Amino acid sequence: MKMKRMKKLAAAMLAGVMLCGSLVGCGGGSQSASDSGASADSGAAASTGDQAQITLIMALRDEWLSELEKAAQKAAGDIGGINLTTQDANNDVSKQLQYIETARNSGAQAIIVNMVDPSTAAQCVEAAGDIPVVFVNRYPTDDSVLNEKAVYVGSDEMTSGAFQAEWLANWCKEQGKTEVKYVMLNGTLGQTSTTNRTKSFEEGMKAAGINAIQAAEALACDFDRAKAMDKFTPLIGSTEFDVVVSNNDAMALGVVEALQSKGVDPTSLPILGIDASKDGRAAIKEGTLAMSVFQDPAGQGRGALYAAANLANGEDIAKDSGFEKDETGNILWVPFEPVTKDNVAEYDNR
Amino acid sequence: MQKAFDKKKFLSQNSIWGVLILMIVALSIARPAFLTSNNLETLMTAESVKGILAFGVMWAILSKGIDLSIGSVVALVSVVCASLAQQPDAINRVLGEGGQPLPAFAIILIGILMGVVIGLTLGAIVAYTKIPPFIATLGGQLICRALSKMYSTQPVSKLTDSFRFFGKGKIGPIPVIVIIFLIMFAINAFMLTQTRFGKNIYAIGGNEQAARVAGINVEKNLILVYVWCAVCAAIGGILLAGRTGSSDPSTYGLNYELDAIAAATVGGTSHSGGICRVSGVLCGILILGVINNGLVMLNVDDNMTNVVKGIIIVAAVIFDMRKNARRA
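Quick caveat: nothing in here was measured; it's all calculated off a predicted structure.

Student: Any chance you could explain the overall build of chain B here in plain terms?
Tutor: Helices and strands together make up the secondary structure of chain B, namely 13 helices and 4 strands. Whereas a compact globule of 328 residues would reach a radius of gyration of roughly 20 Å, chain B reaches 20 Å, a difference of no more than 12%. Judged by the C-alpha coordinates and their principal axes, chain B covers about 65 × 55 × 35 Å. For chain B, with 328 residues in total, the buried portion stands at 54%.

Shown next, in the form of structure tokens:
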């Protein structure tokens, strides 16, 4: 008897939770639908019968990549006559390849791939068969796969750290230093963006003639604010450093929190980020972050969509995109931009 | 007979404290800065959230189950609570620009209630469908992570100071988050040793059939285990958002369940069920904390830190299995 009641109770609870779940789901869903809804509508209005099928396959949906996705959806609406489907590979290479094949089989005219693993570019092109591929954001490890039917739209990661180095070199000159001790916060070890951001910073410092010394072993914090806070705090008071250089803003903000929790004023030393995220920009205005480097998610999303639409229609990839091709004709560079207190306001509505 | 067992258990549990003391001594010699009150505070603050999770998952392991959902519960609770605590002038405010944040206590209550609901669901599935807890909570992990990402696609930051007090405030020289951690330790120790519920879970983990025959309502107790585990995770989520002043639905709490399970395991909680001590789990948390903190201070490469962690976890389980085999 008692058991039965428990069972009923459990069933009721379960139903309740499922309801909650679906409500939350609807909430989130309707929000994104309203963002993309307008684009789908105008697309349908432009041409109802013969729409270009384009599939966008995301590596995952974090804050930054979600913005890229939204921009691509918006561009699809602006161009008109495009039926854009997006899928999330959830950081799984095999799922991504499977989505590419499915898109090819279902008649897509172009596929935009935000690669989970940049070393799988050749497999992606192979999976797409005759369908043109646009790689976005993550640059293929082996760029010999790029040709007129497999192009890249994104930023050159080797310039992001260089902007940090340039800023820091100037700062050193102003302070009359020829030597600087820094702590490096790496993203996820083994990822191209982590490697290139760190490497381009180090090379930039060397080129500027500043002797940059690692004050402590670089901390790998997976681009995560909480992890950066945990790993950085032990260094406060036990290690001497002049500046903190981070692979992204979230980790740089973790350092700010860590310093504040130890009673150190974060404006007393330069902390350098990358992304110019919303929180990062707020911190630059406050002066807690010295600078960041803006990687343009909307520009990359829009550029990729234009390139895909142009490929589907047999046009030049750069047409109407607002970006320029490089000398090979297979790459659209969306430039990085350094963001400091002086120009941060310009990025609020980008 | 019973007494002899306890004595042996007591000795083997103490051996792990010996390991901790050895590590601390070695580190203090290598880096004197390690054993300063400042750094110990850092260590405790950093481990508090995962420590509270470890106390929760200890119950699941004791009942011969596991809870893989707690990391995602941290993410879901922290992102929802953060959105409720966002200041009116936050950019891209999740619940509408200019809205007012709720008072801290209301937010914490909502967070804990979310934990209760998630725990009831997972517990009911484990108890009544009899599917392995590994699978049930794996499902919970995926769903909670997805829900938190659906709730917000971006980090939720700029939280009110009253909400953040529990994560970053201090009472005297001691951080509030560490006090809460110690209170959770005391509560768990009390529940485990002084209440019927604790004894029931020992019995269920040791031998479910025997427990049933002895008149224990296994289902009800199992549900309570997962409720408590999820509540601990919810408290962890609230504190994490408060401490960092932000919540990122895609990275917060990621793999925390593994760290919590590792701490509970190193602390001598047996995966064959029915064996654990809260003080052992506390020691496990401190050992992992010392590794995390100490290896940064020693300038050890990050990959190497994980190698050391991996070796310690596996060694702890080998030790634990042998210990239990000898006892049997």
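Student: How do you make sense of helix H4 (residues 104–129) of chain B when you look at a structure like this?
Tutor: Turn by turn, an α-helix covers 3.6 residues, leaving residues three or four places apart pointing in a common direction. With 26 residues, H4(B) extends 37 Å between its outermost C-alpha atoms, agreeing within 8% with the 38 Å of an ideal straight helix rising 1.5 Å per residue. Positive backbone phi, approximately 65°, marks B:Lys130, located one or two places after H4(B).

Student: Which parts of the structure should I look at to understand the interface of chain A and chain B?
Tutor: Quite often, the size of an interface is put as the accessible area lost when its parts meet. Counting from both sides, the interface comprises 39 residues of chain A and, opposite them, 41 residues of chain B. Mapped onto the side of chain A that touches chain B, the elements with two or more residues apiece are helix H1 (2–46), helix H2 (63–79), strand S8 (219–220), helix H7 (225–232), helix H8 (249–261) and helix H9 (278–286) of chain A. Per element, the largest residue contribution to the side of chain A that touches chain B is 10 residues, and it comes from H1(A).

Student: What is the right way to look at the confidence of the model for chain B in this model?
Tutor: Interpretation of this model should avoid reading the predicted coordinates in detail wherever pLDDT is low. Residue and element names in this part refer to chain B. Averaged over every residue, the pLDDT of chain B is 90; residues scoring 70 or more account for 95%. Ranking the helices and strands of chain B by mean pLDDT puts H4 first, with 97, and helix H1 (residues 2–30) last, with 77. Here the predicted complex scores 0.75 on pTM and 0.73 on ipTM.

Student: How should helix H2 (residues 37–62) of chain B be read in this particular structure?
Tutor: Residue and element names in this part refer to chain B. The largest bend in H2 is about 50°, located at Ser48. With 22 of its 26 residues buried, H2 lies for the most part within the structure. Downstream of H2 by a residue or two, Lys64 has a phi angle that is positive, lying close to 70°.

Student: Can you help me understand the packing of helix H6 (residues 161–168) of chain B against helix H10 (residues 218–244) of chain B in this one?
Tutor: Think of two packed helices as two axes; the pair is described by the angle between the axes and how far apart they sit. All names here are of chain B. The interhelical angle for the contact between H6 and H10, taken along N-to-C directions, is 105°, at an axis separation of 7 Å. Judged on the interaxial angle alone, H10 and H6 are roughly perpendicular. Across the interface between the two elements, Phe163, Arg164, Phe166, Gly167 and Lys168 of H6 pack against Ile238, Leu239, Ala241, Gly242 and Arg243 of H10. Considered class by class, the residues forming the contact of H6 with H10 number 5 nonpolar, 2 polar and 3 charged.

Rules used in this analysis
Residues numbered from 1 in each chain as written. Chains lettered and ligands numbered in written order. Predicted model: local features only at pLDDT ≥ 70, side-chain atom pairs only at ≥ 80, totals over all residues. Helix = DSSP H or I, 4+ residues; strand = E, 2+ residues; numbered from the N terminus. Rg over C-alpha atoms; globule rule 2.2 N^0.38 Å. Buried ≥ 20, exposed ≤ 12 C-beta atoms within 10 Å, placed from the backbone. Expected span 1.5 Å × (residues − 1). Contact = placed C-beta atoms within 7 Å. pLDDT = per-residue confidence, 0-100. Bend = angle between axes of the 7 residues up to and from the residue. Axes fitted to C-alpha atoms, helices over the stretch in contact; angles between N-to-C directions. Parallel < 35°, antiparallel > 145°, perpendicular 65-115°, else oblique. Nonpolar A, V, L, I, M, F, W, Y, C, P; charged D, E, K, R; others polar.

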